[in-house]
Amino acid sequence: MSGELEQILLQLTQPDNAIIQQATAQLKLAFKDPAIIPALCAVMTGSQNTQVCSELIVAPPSHQIRQSAAVMLRMRVKKHWKKISPDHRESLKAVVLKAFQQETEHTVRHSLSQLSAVMVKHETPDRWPALFTLLNQSTKSNNPMDRQVGLLLLSKVVESNPEPFKPHYRQLLQLFGTVLRDLDNPTAMYYSILTLTAMTAYTGTEEMNLMRSLIPTLIIALRHLIKADQDQASEAMEVFDELMESEVSIMVPHITEIVHFCLEVSADTTLTDSLRVKALSCIAFLIRLKSKTVLKQKLLNPILQTVFPVLSAAPPPGEEDPEDEENSNEDDTDNESPKHFAAQVIDTMALHMPPEKLFHQLMPLTQACLASDNPYERKAGLMCLAVLAEGCADHIRTKMLSSMLQTVCQSLSDSNQVVRSAGLFALGQFSEHLQPEVSKYCAELMPLLLGYMSALNQAKIGHVTKAFYALENFLENLGSEIEPYLPTLMETMLSALSNAENLKLKELAVSAIGAIANAAKEKLVPYFLPVIESLKGFLTDTRDEMRSLQTQALDTLSVLARTIGKEVFSPLAAECVQLGLNLTNTIDDPDLRRCTYSLFSAVSTVSPDCLNPHLTAITTIMLLSLKSTEGVTAHLEEDKTFVLLDGDDDDDEAQGDTILDEEGTDNVDPDIAGFSVENAYIDEKEDTCDALGEITFQPYLNELLPLIMNKAKLSYTVADRSFSVGTLGEILQSLVNVSGGRACAGKLSNQLLPVLVAGVRDSDSEVRNNSVFALGALAQAAGPLVARDYPMMLSLFSNLLSKEQDRRVIDNLCAALCRMIMSNMEGVPLEQVVPALLAHLPLKEDMEENKTVYSCLAMLYSQNPALVLSQIKPIVSASSHVLGTNDLDTETQNTLVMLLRDVAQRHSKEFEVAMKSLPAEQKMKLTGAVSQS
């Protein structure tokens, strides 16, 4: 059979579709024969075909046929290992290793190592002693090529299944200590570092000292690898990411060496952007995890001295930075340039270092840039101010806002547009993060921004976009202070809507009107009709190029529905619903559908009756959105499509993918490494759930729930289960503020509880996380109606809290307990639950839930002050970590400050005792927050 099989594989490589189709049909038949395994083994080890098979077929070099056989075997093993007879399994194990030893072609060796890696998933190393023997012999060989080949095999099998190799980790680390010193064999070093990366997450305490001692050798090896192959070096540098995520303590003793190495790489403009970005990213990661060590080791100044030249570098002649290009997309987050990551390093410093220590060393460099004659240095200074706004918000608001605003305002009249654009970005960041203080400067800022608006048609659209970004962020928080500027603002916006030829400019104006409406509310009434007429005109234009403008028009229409006043909007409600339905019927676009659903939701708050005639149509399209798999892409391993062999080491995936599919009977295709869903489709489904919660009634939920709940079964993928329970949580949360929502949630609880309880026990942390959130949302929505289920839910949460390792799940457990307390305090044994809850504060991952937690504590204090006083020490400790940070929104900051201030005034002794346990810095911060009037 091997001879026939070799001919078939040969035919599959020919540039003739008829021959390929015929060979594919023959191969499908061949795979039904149990003798296929030995036949493939024979081809893999012995194909020497170099003859011409017919006039139409020219045989490729024999190594391609051997590689094809290895790929086919890998597909077979991956899909059908259990169906392969024990005899064939044993012979396959022997043949693969024999082939690996005798093979001379790198591409074939690579495929054989991947085949071995798949086999190790099924046949653990302890049941394959010959594999260990080969690895031992080859990796310790005196022949450099044998060592390199052995390390290739080692890297693939360990990466495939790291845990069974744990008993050998110590031995492997000792091996790497030797290999990483072999500076004349960079490829061997590369494979060693890949193996080390795969092992890191599974390393135990007994290996840590050995791994720690490897770091200096690893840095030297990486330096040499950079000289040999920058792409391999870039991949190898991921070892630092893995070490930081898994066990950062391994790196701490060598943090100075690591930082200096990364700075060296970051500063070297002869290296690839990818490599420099890796180095900067590593520095940012270290700052996030170990900012105190970075400061203690006096590394802040060297980092800044390297980062600033990267941040202020001019682009190559004739080019622009991506954000300054005329056609740049403001929403594009894929800017992988060293300059972008240099700004991220400073952003991370702002978020994780004390402002006083940071500003002392940062501001002289920033001021030197701002005073420079070089426009790109001036831009760097402004970008630096911009990224400080979020992390150092309190420090800037209280000590530096006036001077920093003055600097930014001056930049808006700079002679260079690159600098002006950076100034507008900084102003937008200030407006977003330095509220409410920044709004007090509206008398100085609004004339500047309006000046920009008056020259809309003359400026480049990329620059105008930044002007709108700054304006919108500033207007959103202006409230009634907007009134004096309304005539000028609206005249500018209406002029842009009716006169501008550029659709992007119209879109920006429509978005700005939404921001103006949020601030002005009913004061916008005099301008309402001309705005509506323009929006209606946009929404009835079916040209493809209108899509982005239409999406924004729907968003702004939703804002107007909620802000302009019921009396003004109600007469137009029915027309708006019809406009939305017409759009969803004629245009297939997820963003458009998402915004249409939000419009329906907004209209339901103003004029619910106008939705009644269309409820069936509306809920039908929403259900279709939830059922749709559009935008979901299945990825084969290594993301390869149907190509047999294209010469690339990693591109040997495809032949078996198609051929074996028809023969297989498994429900889940093991060749699919995962699924990705385009963001637009995720957003559409999320907004659909929100809208359904606000506008639908029980009959529609009854139709919707079985569809969603079915996906939570264990037979579905993790992605399906996570989406299912996450969607249920969104629907339940949306019922909290809906008339009749409590009764509805109560009726649904019997259906939902078994699904959500099973989800809490799921093996996947994301499914557990979403299920915990959904149970908390159910308790919040249904309140006393699920009181009978509280003991079961509390027991479930208690068990999970005692063993859960994932911090996001723990954060959501805390929030779920708080929702249970706030909805039905009587159903919770507070003396046991509250201390357990406080023991897991502060939250570490899901900072949005701080609002839930501290609202709960404030409510408990008002209802049961004695309980809160008995726990004031852990409450004060948790508060000291979050007050004055961006982990709390303004409202929650105020809630927490009011609580602590009241305790300090009424129960000063208890408060002082609790404060004594805090470190000096946190004590000072908390004292300042509580004593401010």
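Rules of the game
All residue numbers refer to positions counted from 1 along the written sequence of the respective chain. For this predicted model, a pLDDT threshold of at least 70 governs which residues receive local features, and a threshold of 80 or more governs which side-chain atom pairs are given and counted, while totals over whole chains, interfaces and linings are taken from all residues. Here the side-chain values reflect all heavy atoms present in the structure, with hydrogen atoms and water set aside. What counts as a helix is a DSSP run of H or I of at least four residues, what counts as a strand is a run of E of at least two, and both are numbered from the N terminus. For every residue, the accessible area (1.4 Å probe, protein chains only) is compared with the maximum for its type, and the residue is labelled buried under 20%, exposed over 50%, or partly exposed between those bounds. Here, residues are in contact when the closest pair of their heavy atoms is within 4.5 Å. The angle between two axes is taken between their N-to-C directions and runs from 0 to 180 degrees, where each axis is a line fitted to C-alpha atoms and a helix contributes only its stretch in contact. Geometric relationships in this document are graded by angle, where less than 35 degrees denotes roughly parallel, more than 145 denotes roughly antiparallel, 65 to 115 denotes roughly perpendicular, and other angles denote oblique. Each crossing is labelled by how the near helix is turned from the far one, with a counterclockwise turn of less than a right angle marking it left-handed and a clockwise turn marking it right-handed. Charged means Asp, Glu, Lys or Arg here, nonpolar means Ala, Val, Leu, Ile, Met, Phe, Trp, Tyr, Cys or Pro, and polar covers whatever is left, Gly included. Take the buried Ala, Val, Leu, Ile, Met, Phe, Trp, Tyr and Cys residues and link them wherever side-chain atoms come within 4.5 Å; each set so joined is a nonpolar core. The term polar contact refers here to a pair of N or O atoms within 3.5 Å; inside protein, the definition further demands a hydrogen-donor-capable atom paired with an acceptor-capable atom, and it admits residues adjacent in sequence only when both atoms are side-chain atoms. The working definition used for a salt bridge is a side-chain nitrogen of Lys or Arg within 4 Å of a carboxyl oxygen of Asp or Glu. In this description, one arc is meant: the one made by directions from the helix axis to the C-beta atoms. UniProt positions are given in the numbering used here, feature names are shortened, and annotations may be inferred rather than shown by experiment. Classification of ring pairs rests on two measures: the distance between centres of Phe, Tyr or Trp rings, Trp counted by its six-membered ring, which must be within 6.5 Å, and the angle between planes, read as stacked under 30 degrees, edge-to-face over 60 and tilted in between.

A. Local environment of the overall build of the chain. When helices and strands are counted, the chain shows 45 helices and two strands. When each of the 933 residues of the chain is scored for burial, the buried share is 55%. Here the analysis covers contacts within the chain between residues at least 6 apart in sequence; of these, 74% occur between residues at least 24 apart.

B. Local environment of the packing of helix α22 (residues 442-454) against helix α23 (residues 461-476). The geometry of α22 relative to α23 is characterised by a closest axis approach of 10 Å and an angle of 150 degrees between their N-to-C directions. Accordingly, the angle class assigned to the pair α22 and α23 is roughly antiparallel. Here α22 and α23 pass one another in a crossing that is left-handed. Residue-level inspection shows C442, L445, M446, L449, Y452 and M453 of α22 in contact with α23, the latter providing H463, A467, F468, A470, L471, F474 and L475. Of the residues belonging to the contact of α22 with α23, the class tally is 12 nonpolar, one polar and no charged.

C. Focus on unusual backbone geometry. With an omega of 0 degrees, the peptide bond between Q435 and P436 qualifies as cis. With respect to the secondary-structure elements, P436 resides in the loop between α21 (417-433) and α22. Cis peptide bonds are those with omega within 30 degrees of zero, and the linkage from L841 to P842 qualifies with 0 degrees. Non-glycine residue K298 carries a positive phi angle of around 55 degrees. Note on placement: K298 falls in the loop between α15 (273-296) and α16 (300-311). With a phi angle near 50 degrees, K521 is a residue other than glycine that sits in the positive phi range. For K521, a relative accessible area of 39% corresponds to the partly exposed category.

D. Spotlight on the nonpolar core. Ranked by size, the top nonpolar core spans 229 residues in total, and within it F176, F240 and I303 carry the most contacts. Those residues within four positions of I303 in sequence are excluded, and the remaining contacts are V259, L263, I283, I287, V294, V345 and M349. In terms of nonpolar packing, the next biggest core, distinct from the first, is built from 83 residues, V725, L735, A781 and L857 among them.

E. View of the environment of Y716. Within the fold, Y716 resides in the loop between α33 (698-710) and α34 (718-735). A distance of 3.0 Å separates polar atoms of two side chains, one belonging to Y716 and the other to N710.

F. Local environment of the pattern of salt bridges. In this structure the tally under the stated criterion is 30 salt bridges. In this structure, the salt-bridge partner of E238 is K278, at a minimum N-O distance of 3.3 Å. Of this pair, E238 sits in helix α13 (residues 238-247) while K278 sits in helix α15; the two residues are 40 residues apart in sequence, bridging distant segments of the chain. Notably, a salt bridge pairs D544 with R547, separated by 2.9 Å at the nearest N-O pair.

G. Representation of helix α44 (residues 908-916). Looking at α44, one finds that the buried residues are F911, A914 and M915. Burial along α44 is one-sided: seen end-on, the buried residues are contained in an arc of 100 degrees. In α44, the exposed residues that point more than 90 degrees away from the buried face are K909, V913 and K916. Along its buried surface, α44 packs onto α42 (872-882), α43 (890-906) and α45 (920-931).

H. Broad picture of the UniProt feature "repeat: HEAT" (unreviewed entry) in the chain. Mapped onto this structure's residue numbering, the UniProt feature "repeat: HEAT" (unreviewed entry) falls at residues 752-790. Secondary structure within residues 752-790 divides into 72% helix and 0% strand; the distance between the first and last C-alpha atoms comes to 14 Å.

I. Examining the packing of aromatic side chains more closely. Tallied over the entire structure, the rule returns five aromatic pairs. Judged by centre distance (6.3 Å) and plane angle (65 degrees), the ring pair of F240 and F261 falls under edge-to-face. Highlighted residues: F240 in helix α13 and F261 in helix α14 (residues 255-267), separated in sequence by 21 residues. For the pair F240 and F261, one class covers both residues: buried. Ring centres of F425 and Y469 lie 5.9 Å apart, and the angle between their planes is 20 degrees; on these two criteria the pair is classed as stacked. With F425 in helix α21 and Y469 in helix α23, the pair connects residues that are 44 residues apart, well separated along the chain.

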